[in-house]
Amino acid sequence: MAPAITIAADKLSAANTGFMLICSALVLLMTPGLAFFYGGMVRVKSTLNMLMMSFISMGIVTVLWVLYGFSMAFGTDHGSLIGWESDFVGWSGIDKMDIWSGYTIPVFVFAVFQMMFAIITPALISGAVADRVKFSAWALFVALWATVVYFPVAHWVWGTGGWAFELGVIDFAGGTAVHINAGAAALGVILVIGKRVGFKKDPMRPHSLPLVMLGAGLLWFGWFGFNAGSWLGNDDGVGALMFVNTQIATAAAMLGWLAYEKIRHGAFTTLGAASGAVAGLVAITPSGGAITPVGAICIGLITGVVCAMAVGLKFKFGYDDSLDVVGVHMVGGVLGSVLIGFFASGKGQSDVKGLFYGGNADQLWKQLAGVGAVLAYSLIASAVLAFLIDKTLGMRVDEDEEISGVDQAEHAETAYDFSGAGGGIVKSSAVPAGVGAESKKVDA
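Residues numbered from 1 in each chain as written. Predicted model: local features only at pLDDT ≥ 70, side-chain atom pairs only at ≥ 80, totals over all residues. Heavy atoms only, no water.

Describing unusual backbone geometry
Argument step 1. Even without a glycine there, the phi angle at Trp91 is positive, about 55°.
Argument step 2. Take Trp91: it is sitting in the loop between strand E3 (82-84) and strand E4 (99-100).
Argument step 3. Overall, Trp91 belongs to the buried group, its relative accessible area being 13%.
Argument step 4. Residue Asp324 is not a glycine yet carries a positive backbone phi of 65°.
Argument step 5. Assignment of secondary structure puts Asp324 in the loop between helix H11 (313-317) and helix H12 (325-338).
Argument step 6. With relative accessibility at 16%, the residue Asp324 sits in the buried group. (Helix = DSSP H or I, 4+ residues; strand = E, 2+ residues; numbered from the N terminus. Buried < 20%, exposed > 50% of the residue type's maximum accessible area, 1.4 Å probe, protein only.)

Below is the structure:
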């Protein structure tokens, strides 16, 4: 992923270019999928706010990526920490026939594919702060976080000259840059803004499990573009290996989560199936190009069980991660990244072998270095950003607005309106006006 531009139209592959355009669209679809996944998990009074927290990232990050984000992430390296390329600023120096160096796709195609990663990463954080954050403050946080955290970390991991890239940290499609980054950021923010009103006291169950399942299905579908597309072509079979391992690990993680859930709680839940699938997708993201299909089963099962255990830690330690971003994305990202040091087969994207395939501990230590650095930087930087916004604009809505619902307070809308359903008359004497799903229906 060198930042130089090769002006050589005869090297363009129509097949790889078309494939990458499709993958870019699939990755973009993941953000609305995430919105539905999160939107179904919250209480009805926060549904629209949850959807908007994902959708606003599509607007803000797209513009920032064109103006300077792509340059910061994939421009010429400066000090192994940041990139910069004047031709990439505003994409003013890129011609439609310029080829991304070392590959057979246009620079524009590579840039837009990476844009979709930049969009979904801050959206992932939003699940941790559900029910209680001002929308304006969240929008500002997205812009600042993308600039201060995501763009530099993407350069570390994927940009030529970035310190993690040069060290040899394996991250096929975003275990560190996306999932650990977002999960650690979520933890940093919630430690600053505090718990929801009624945390560990009031029921906070998902209001629509069908929406959760729909969102999980869209994420699973889009993730094939997210993962297989990250090889930027189809010339050597590595992308195919990643595609296969994505399916396998996701299925195994779902089964692992459900098995743990049945043993621990006595039931197989739809929320568990959806969460287990997402955990598997997270874990295979960094590792799928380096392992065998059997390794994918192992990583999936391990991740499904461990993440199912991890989501309960918020009750033990008292941090309010509303929709388990820390337990799924941070923990799943750590597992997927670290387990490369054990399961790398030497027959995938590189000849690196993990401990279970006769290798030494070198790759394991590299993975631990990448994981530790991204986790620490993102957690601290995100907490600082949240603190500064909280002390200026204020991050949280008022307590009364939180209790009545952020949809009405922040967006002047509600997700469901039953006022004309069934010929009944809707009264709102016991609940805030407009919260249709919580209103009383009285027969006419």
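What about the packing of aromatic side chains?
Argument step 1. Enumeration over the complete set of coordinates arrives at 29 aromatic pairs.
Argument step 2. With a centroid separation of 5.9 Å and an interplanar angle of 85°, the aromatic rings of Phe117 and Trp158 are classed as edge-to-face. In this pair, Phe117 is assigned in helix H3 (residues 107-125) and Trp158 in helix H4 (residues 135-158), connecting sequence segments 41 residues apart.
Argument step 3. By relative accessible area, which is 1% here, Phe117 ends up buried.
Argument step 4. A centroid spacing of 5.8 Å and a plane angle of 10° characterise the contact between Phe199 and Phe315, whose relative ring orientation is stacked. Remark: Phe315 occurs in helix H11 and Phe199 occurs in the loop between helix H6 (175-193) and helix H7 (209-228); sequence separation between them is 116 residues.
Argument step 5. When its relative accessible area of 45% is taken as the criterion, Phe315 is described as partly exposed. (Phe/Tyr/Trp six-rings, centres within 6.5 Å; stacked < 30°, edge-to-face > 60°.)

Considering the packing of H7 against helix H9 (residues 270-287)
Argument step 1. Here H7 crosses H9 at 15°, and the two axes come no closer than 9 Å. Between H7 and H9, the angle falls in the class roughly parallel. Once H7 is placed against H9, the crossing between them reads as left-handed. Here Leu209, Val212, Met213, Ala216, Leu219, Trp220, Trp223, Phe226 and Asn227 of H7 come into contact with H9, specifically with Thr270, Leu271, Ala274, Ala277, Val278, Leu281, Val282, Ile284 and Thr285. (Axes fitted to C-alpha atoms, helices over the stretch in contact; angles between N-to-C directions. Parallel < 35°, antiparallel > 145°, perpendicular 65-115°, else oblique. Left-handed = near helix turned anticlockwise from the far one by under 90°. Contact = heavy atoms within 4.5 Å.)

What about the environment of Lys314?
Argument step 1. Tracing the sequence through the fold places Lys314 in helix H11.
Argument step 2. Classification of Lys314 by relative accessible area gives buried; the value is 6%.
Argument step 3. The sequence separation of Lys314 and Gly289 amounts to 25 residues, and the corresponding C-alpha distance is 32 Å.
Argument step 4. Excluding anything up to four places from it in sequence, Lys314 contacts Phe199, Tyr319, Asp321, Ser322 and Asp324.
Argument step 5. Here Asp324 takes part through its side chain, which lies 2.9 Å from a polar atom of the side chain of Lys314. (Polar contact = N/O pair within 3.5 Å; in protein donor to acceptor, adjacent residues only side chain to side chain.)

Regarding H12
Note that an α-helix has 3.6 residues per turn; residues three or four places apart therefore point the same way.
Argument step 1. Its 14 residues give H12 an end-to-end C-alpha distance of 19 Å, which sits within 8% of 20 Å, the value for a rise of 1.5 Å per residue.
Argument step 2. Counting buried positions along H12 yields 13 of 14 residues, so the element is predominantly enclosed. (Expected span 1.5 Å × (residues − 1).)

Some words on H9
Argument step 1. Here H9 contains 18 residues, and its C-alpha end-to-end distance of 26 Å stays within 8% of the 26 Å for a straight helix at 1.5 Å per residue.
Argument step 2. Counting buried residues along H9, 16 of its 18 residues qualify, which places the element largely inside the surrounding structure.

Quick word on a nonpolar patch on the surface
Argument step 1. Taken together, the side chains of Ile380, Val384, Phe387 and Leu388 define a hydrophobic patch exposed on the protein surface, amounting to about 380 Å² of accessible area.
Argument step 2. With respect to the secondary-structure elements, Phe387 resides in helix H14 (residues 362-392). (Patch = residues over 30% accessible without salt bridge, like charges linked within 9 Å, V, L, I, M, F, W, Y side chains within 5 Å. Areas by Shrake-Rupley, 256 points an atom, 1.4 Å probe, with all protein chains shown as cover. Salt bridge = Lys/Arg side-chain N within 4 Å of Asp/Glu carboxyl O.)

Observations regarding the packing of H9 against helix H10 (residues 293-310)
Argument step 1. At a minimum axis separation of 9 Å, H9 and H10 run at an interaxial angle of 135°. Relative to H10, the element H9 is oriented oblique. The hand of the H9/H10 crossing is right-handed. Mapping the contact onto sequence places Ala279, Ala283, Ile284 and Ser287 in H9 and Ala296, Ile299, Thr303 and Cys307 in H10.
Argument step 2. Tallied by class, residues from the contact of H9 with H10 come to 6 nonpolar, 2 polar and no charged. (Nonpolar A, V, L, I, M, F, W, Y, C, P; charged D, E, K, R; others polar.)

What about the environment of Gly346?
Argument step 1. Structurally, Gly346 can be placed in the loop between helix H13 (340-343) and H14.
Argument step 2. In this structure Gly346 touches Ala290, Asp351, Val352 and Lys353, once residues within four positions along its chain are discounted.

What about the pattern of salt bridges?
Opposite charge on two side chains lets them pair, provided their charged atoms get close.
Argument step 1. This structure, assessed with the given rule, holds 6 salt bridges.
Argument step 2. The salt bridge partner of Lys314 is Asp324, with a shortest N-O separation of 2.9 Å. Of the two residues, Lys314 sits in helix H11 while Asp324 sits in the loop between H11 and H12, which places them 10 residues apart along the sequence. The pair Lys314 / Asp324 is uniform in exposure class, with both members buried.
Argument step 3. Glu402 is paired through a salt bridge with Arg396; the nearest N and O atoms lie 2.7 Å apart.
Argument step 4. The network of salt bridges with common partners includes Arg43, Asp131, Arg132, Arg196 and Asp320.

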